[in-house]
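Spelled out, the chains give:
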Amino acid sequence: MKRSLLAVLALGITPPVLAQSDATDAVVLTGATVINGDYWIESASIIVRDGRIECVGEPEACSFPEDAEIIDLDGHYITPGLVDAHVHFAQTGWLDGRPDGMQAPDVYPYPETAAALSANPDRWHAAYLCTGITAVYDVGGQAWTVTSDHATDTDRSDRAHVRAAGPLITHASARNRFFLGEGASDQLLFLPMEDVAGVREQVRYLESIGAQAVKVWYLAPRPDDRDRLDGLLMEIGAAADAAGLTMIVHATSLREAKMALRAGAAILVHSVSDQPVDQEFLDLLTGNDAVYVPTLQAGPNWGRALASVAFAASALIDDPNGCVDEAIQARINAPERMPSDLISPAWAYRSLEGNGAEIALMQQNLMAVFEAGGRIATATDAGNPMTLHGPSIYREVEMMQTAGLSPQAVIEMSTRGGAVAMGAEDEFGQIEAGFVADLIVLSEDPREDVRNFRSLTHVMRAGVLRAQSGLRVTQVD
Ligand SMILES: [Zn+2]
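Below is a summary of the structure that appears in this document. (Residues numbered from 1 in each chain as written. Predicted model: local features only at pLDDT ≥ 70, side-chain atom pairs only at ≥ 80, totals over all residues. Heavy atoms only, no water.)

A short note on the overall build of the chain
Rule in force here: By definition, any uninterrupted DSSP run of H or I lasting at least four residues is a helix, any uninterrupted run of E lasting at least two residues is a strand, and each is numbered from the N terminus. What the globule rule says is 2.2 Å times the number of residues to the power 0.38, and the radius of gyration is computed from C-alpha atoms. In this description, contact between two residues means that some pair of their heavy atoms is separated by no more than 4.5 Å. Here, Shrake-Rupley sampling with a 1.4 Å probe gives the accessible areas, and only protein chains in the shown set may cover a residue. Charge convention: Lys and Arg are scored as positive, Asp and Glu as negative, and His as well as the terminal groups of each chain are ignored. Charged groups are reduced to one reference atom each: NZ for lysine, CZ for arginine, CG for aspartic acid, CD for glutamic acid.
A count of helical and extended segments in the chain gives 16 helices and 19 strands. Computed over the C-alpha atoms, the radius of gyration of the chain is 22 Å, within 12% of the 23 Å expected from 2.2 N^0.38 for a compact globule of 477 residues. Over its C-alpha atoms, taken along the principal directions, the chain stretches across nearly 70 × 50 × 40 Å. Taking as baseline every contact in the chain between residues at least 6 positions apart, the subset at least 24 positions apart corresponds to 72%. Surface exposure of the chain reaches about 18,200 Å², of which carbon and sulfur atoms provide 49%. A gap of 7 Å separates the mean positions of the 33 positive and 65 negative side-chain charges of the chain.

Considerations on the coordination of the zinc ion
Reference values for coordination geometry: four tetrahedral donors around a metal ideally subtend 109.5 degrees, six octahedral donors ideally subtend 90 or 180 degrees. As a reminder, the rule being used: Coordinating N, O and S atoms are those within 2.8 Å of the metal (3.2 Å for Na, K and Ca), and as water is not part of the atoms, a site may appear to have fewer donors than expected. To sort residues, take the accessible area from a 1.4 Å probe on protein chains only and compare it with the maximum for the residue type: under 20% means buried, over 50% means exposed, and anything in between is partly exposed.
In the first shell of the zinc ion, the protein supplies H86 (NE2), H88 (NE2) and D381 (OD), at 2.0 to 2.1 Å from the metal. Counting residues between consecutive donors of the zinc ion along the chain gives the motif H-x1-H-x292-D. You can see H86 sitting in strand β7 (residues 82–87) and its partner D381 sitting in the loop between β16 (375–376) and α14 (392–402), a full 295 residues away along the chain. Residue H86 shares its accessibility class with D381, and that shared class is buried.

Overview of the sheet that holds strand β12 (residues 213–217)
To keep it simple, the criterion reads: Strand pairing is defined by DSSP finding a minimum of two bridges between the two strands.
With respect to topology, seven strands assemble into an open sheet ordered β11-β10-β12-β13-β14-β15-β16, the strand pairing being parallel. Two strands lie at the open edges of the sheet, namely β11 (190–192) and β16, each paired on one side alone. Taken together, the two bridges between strand β15 (residues 291–292) and β16 define a ladder with parallel strand orientation. When the bridges of β16 are listed, Y292 appears paired with I376.

This is the structure we're talking about:
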């Protein structure tokens, strides 16, 4: 069973299509409760034509086209497709995709891993659609993540929408600049942040390859180097603005997050996690209309992966719908035992222990941003170790709900909120006439508990409806 499904995927045969709208034939979904952000319509009808939503409302609000294919979804729940606003196509979901985090080239030969990733971005697209994710923001990777057709030709119904930032600008240590030797610029993952002329050149380079954002990896600088680096961050913001590119910043400490916002950041791609956010931060965030992206699980998942190789014990894979491919499962289920000079058991254990307090603080900061009226988008940081492309979004929304958000608020942040982060709030993320027909069907009500996103039965992307069972890449126990 497993083998034959994989063989079908390997042959490139698309999973069975239940219904497909085109210019002449419409598809009508009837009977489900349609949940669109914080309001809903019971027993709704959705008419889809040519990949777009033509009408949505109570049955009498939409007259059914004569030759429409009618799909009865009575008793089900429909939301817009999920959006993961922070992923990395150039990372695997295991330690082999992060040579800056664990340098073990004999065990994890990154050039080979990188080549395999760039050759097959559809591996992650398959995982996303299988999970119910119909759009993703790739916030950092080699140039191919921007230039390959997976990022430029995203109207396909068998792929998620993609927006991509490309290589990151950073002042972090020199070893982080290159993973493929001193190779060509198209193989760099990091671009140096050294002087004014240099950072302007990096922004021009990103613009030239078609990057849709300028991403800065801004770790807390040494106190004696703060002023210089803060100045360079301001320069990057100005250059990005002049080039018409969004600046997005990794800044997990409060001081650096504020600097990023002063420099014009439109998205903070992680939580502030070193201390509680204050009013000045909230004013800067809302003043910029910036999007706050919590990524609550990525840190704890790093701890799980490191403990896994420190103790040679496999971590649990949370994949209720069969969306994680066998190659990554094999890596996780048979972890290499790393020597203690690379990862000491004591350090691995402490990294697990430290997580609880950090999550609590991140959840507290998420609520402070929410209560201040800040924009929030759901995101996983998928591709990092144990943060698996696709199903990790289920745990992310559950952690957001645990922080104190209502299910409705989390649904909105995971659909329209992500579209706002991607600059596509007029295209997708809502079930409204004129929007791209990206939606998911659930058998359980997510307004009761966002855990019910796990009860995915169908996925519609660009007007093509598929059963979730046909999107699985492995068997579900
Ligand atoms: Zn990331």
